[in-house]
Amino acid sequence: MKDILVRGSSADGSVRLFTTITTGLVNDAQKIHHTYPVATAALGRTLSAAAMIGASLKNETDTTTLQFNGDGPLGSITAVTDSLSRVRGCVANPYVHLPLSEKGKLDVGRAVGKGTLSVMRDLGMKEPYIGRVPIFSGEIAEDLTYYFAASEQIPTAVSLGVLVDTDNSVLASGGIFLQLMPGADDSTAELLEKSLAALPPVTKMISGGMSAEDIFFAASNGVDMLMENKTVTPRYECPCSKERMERAVISLGREEIRNIIDEDGHAELSCRFCDNKYDFSKEELEKMLENS
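So, here's what we can say about the structure. Source: prediction; values computed, not measured.

A few words on the overall build of the protein. Along the protein, the regular secondary structure elements total 10 helices and 13 strands. Scaling as 2.2 N^0.38, a compact globule of 292 residues should have a C-alpha radius of gyration of about 19 Å, and the protein matches this with 21 Å. Along the first, second and third principal axes, the C-alpha atoms of the protein reach 70 × 45 × 35 Å. A burial count over the protein gives 48% of its 292 residues as buried.

What follows is the structure, given as structure tokens:
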């Protein structure tokens with residue numbers, strides 16, 4: 001089943017809903033970062049959430065960054081998205097292995113630990129908007145639900161899942177992102193709460209053959225919903241290039257570039273999101289010094 005993201009709203013505009021299948025996307029991330037299962041689950045959930053949040057951005061140049069800075073063994077988890085749900089991300093320690101939780105699940109909460117969740121929205125203003133909340137549980141979806149309620153005052157339900165196979169590949173991945181907008185009444189909230197509570201886990205729905213559209217209407221059962229004709233294919237994509245890396249080298253300053261030339265004779269930079277490597281020769285570094 002190919003990756004897809006669908007979205008829509010209630011007839012009266014009081015409910016906004018996004019559902020997505022991201023199995024291919026998260027598989028790509030796993031292959032790039034060589035993540036062990038618990039890291040795959042944590043990063044995959046964060047990437048899926050970012051893809052759905054990205055679909056709500058209005059302008060092509062808008063971006064949102066999610067970052068979990070926890071004290072668990074995974075360290076920081078970062079995901080960046082744009083309005084086309086092109087995402088990239090990384091985890092500080094991809095090689096974490098932990099025993100399963102008491103429920104027999106990958107123990108993402110323990111792997112993330114306690115700390116801070118930051119959401120940075122770059123909407124083309126002079127300064128990006130940054131919201132921060134304490135990490136509630138480390139389970140990603142629960143923390144994002146808490147963030148939207150506490151920081152943006154938007155009642156939100158987030159459900160995320162990543163099913164990892166014994167060979168570390170991803171069998172199913174996806175999510176649900178539902179928000180109550182101004183004007184939503186208590187009866188609508190109660191209906192949606194019951195619908196969401198009755199749903200199987202996201203990965204069970206996906207592996208059972210349900211499409212993103214099926215999940216959309218199952219999550220909003222009892223509410224008159226309109227699905228937009230704006231499906232998106234979320235994908236893992238990094239915009240890094242040698243030109244961008246050159247700007248990063250120049251930002252180090254003339255003294256540091258001179259030290260690199262004298263000590264190493266060249267510089268190799270690696271992108272933390274896609275692991276692409278860029279080598280700058282002594283001649284290229286000398287030219288950067290001339291032009292800086």
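A few words now on the packing of helix α1 (residues 23–33) against helix α2 (residues 37–54). Two elements in contact, α1 and α2, have axes separated by 10 Å at closest approach and are oriented at 135°. In terms of their interaxial angle, α1 and α2 are classed as oblique. Where α1 crosses over α2, the two elements pack in a sense that is right-handed. Where α1 approaches α2, its residues Leu25, Val26, Ala29, Gln30 and His33 are matched on the opposing element by Thr40, Leu43, Gly44, Leu47 and Ser48. Classifying every residue of the contact of α1 with α2 by side-chain character gives five nonpolar, five polar and no charged.

Attention now goes to the pairing of strand β8 (residues 156–164). Pairing between β8 and strand β9 (residues 170–180): nine bridges, direction antiparallel. Looking at the pairing, Val164 lines up with Val170 of β9. Here β8 folds back onto β9, and the loop between the two strands holds five residues, one of which, Asn168, carries a positive phi near 80°.

A few words now on the sheet that holds strand β7 (residues 129–134). Strand pairs in the sheet, formed through backbone hydrogen bonds, run parallel or antiparallel to each other. Spatially, the six strands line up as an open sheet ordered β7-β6-β3-β4-β5-β11, and their pairing is mixed. The outermost strands of the open sheet, each flanked by one partner alone, are β7 and β11 (235–236). Judged from the seven bridges that link them, strand β3 (residues 63–70) and strand β4 (residues 76–82) form a sheet pairing that is antiparallel. Each bridged residue has a counterpart across the sheet, and for Gln67 the counterpart in β4 is Thr78. Relative to the sheet, α2 contacts β3, β4, β5 (86–91), β6 (115–122) and β11, its axis offset from that of β4 by approximately 30°.

This paragraph deals with the packing of aromatic side chains. Tallied over the entire structure, the rule returns six aromatic pairs. Aromatic side chains Tyr147 and Phe148 sit 5.2 Å apart centroid to centroid with 80° between the ring planes, which places their arrangement in the edge-to-face category. Take Tyr147 and Phe148: they sit in the same class, and that class is buried. Of note, Arg88 hangs over the ring of Phe273, and the distance from its end group to the ring centre comes to 5.3 Å. Over the ring of Phe280 we find Lys242; its NZ or CZ atom is 5.0 Å from the centre of that ring.

Turning to a negative patch on the surface, a few remarks are in order. A cluster of acidic side chains, namely Asp12, Asp185, Asp186, Glu190, Glu193 and Asp224, defines a negative patch on the protein surface. Looking at the element boundaries, Glu193 is found in helix α5 (residues 186–197).

Let's shift gears to the side chain of Ser83. Within the fold, Ser83 resides in the loop between β4 and β5. Ser83 sits in the buried class, given a relative accessible area of 12%. A polar contact of 3.3 Å, which involves the side chain of Ser83, links it to the backbone oxygen of Asn59. Once residues lying within four places of it in the same chain are set aside, the contact partners of Ser83 are Gly54, Ala55, Leu57, Asn59, Glu60 and Asp62.

Before going further, it helps to spend a moment on the sheet that holds strand β2 (residues 15–21). Strand order in this open sheet of five strands is β8-β9-β2-β1-β10, and the pairing throughout is antiparallel. The sheet is open, and its two borders are formed by β8 and β10 (225–227), each paired with just one other strand. Strand-to-strand twist in this sheet, taken as the mean axis angle between neighbours without regard to direction, amounts to 15°. Lying over the sheet, α1 contacts β2, β8 and β9, oriented at roughly 120° with respect to β9. Along the sheet, helix α7 (residues 212–219) makes contact with β1 (4–10), β2, β9 and β10, crossing β1 at roughly 30°.

Conventions and cut-offs
Residues numbered from 1 in each chain as written. Predicted model: local features only at pLDDT ≥ 70, side-chain atom pairs only at ≥ 80, totals over all residues. Heavy atoms only, no water. Helix = DSSP H or I, 4+ residues; strand = E, 2+ residues; numbered from the N terminus. Rg over C-alpha atoms; globule rule 2.2 N^0.38 Å. Buried < 20%, exposed > 50% of the residue type's maximum accessible area, 1.4 Å probe, protein only. Axes fitted to C-alpha atoms, helices over the stretch in contact; angles between N-to-C directions. Parallel < 35°, antiparallel > 145°, perpendicular 65-115°, else oblique. Left-handed = near helix turned anticlockwise from the far one by under 90°. Contact = heavy atoms within 4.5 Å. Nonpolar A, V, L, I, M, F, W, Y, C, P; charged D, E, K, R; others polar. Pairing = 2+ DSSP bridges. Phe/Tyr/Trp six-rings, centres within 6.5 Å; stacked < 30°, edge-to-face > 60°. Lys NZ or Arg CZ within 6 Å of the ring centre and 35° of its normal. Patch = residues over 30% accessible without salt bridge, like charges linked within 9 Å, V, L, I, M, F, W, Y side chains within 5 Å. Areas by Shrake-Rupley, 256 points an atom, 1.4 Å probe, with all protein chains shown as cover. Salt bridge = Lys/Arg side-chain N within 4 Å of Asp/Glu carboxyl O. Lys, Arg positive; Asp, Glu negative; His and termini not counted. Charge placed at Lys NZ, Arg CZ, Asp CG, Glu CD. Polar contact = N/O pair within 3.5 Å; in protein donor to acceptor, adjacent residues only side chain to side chain.

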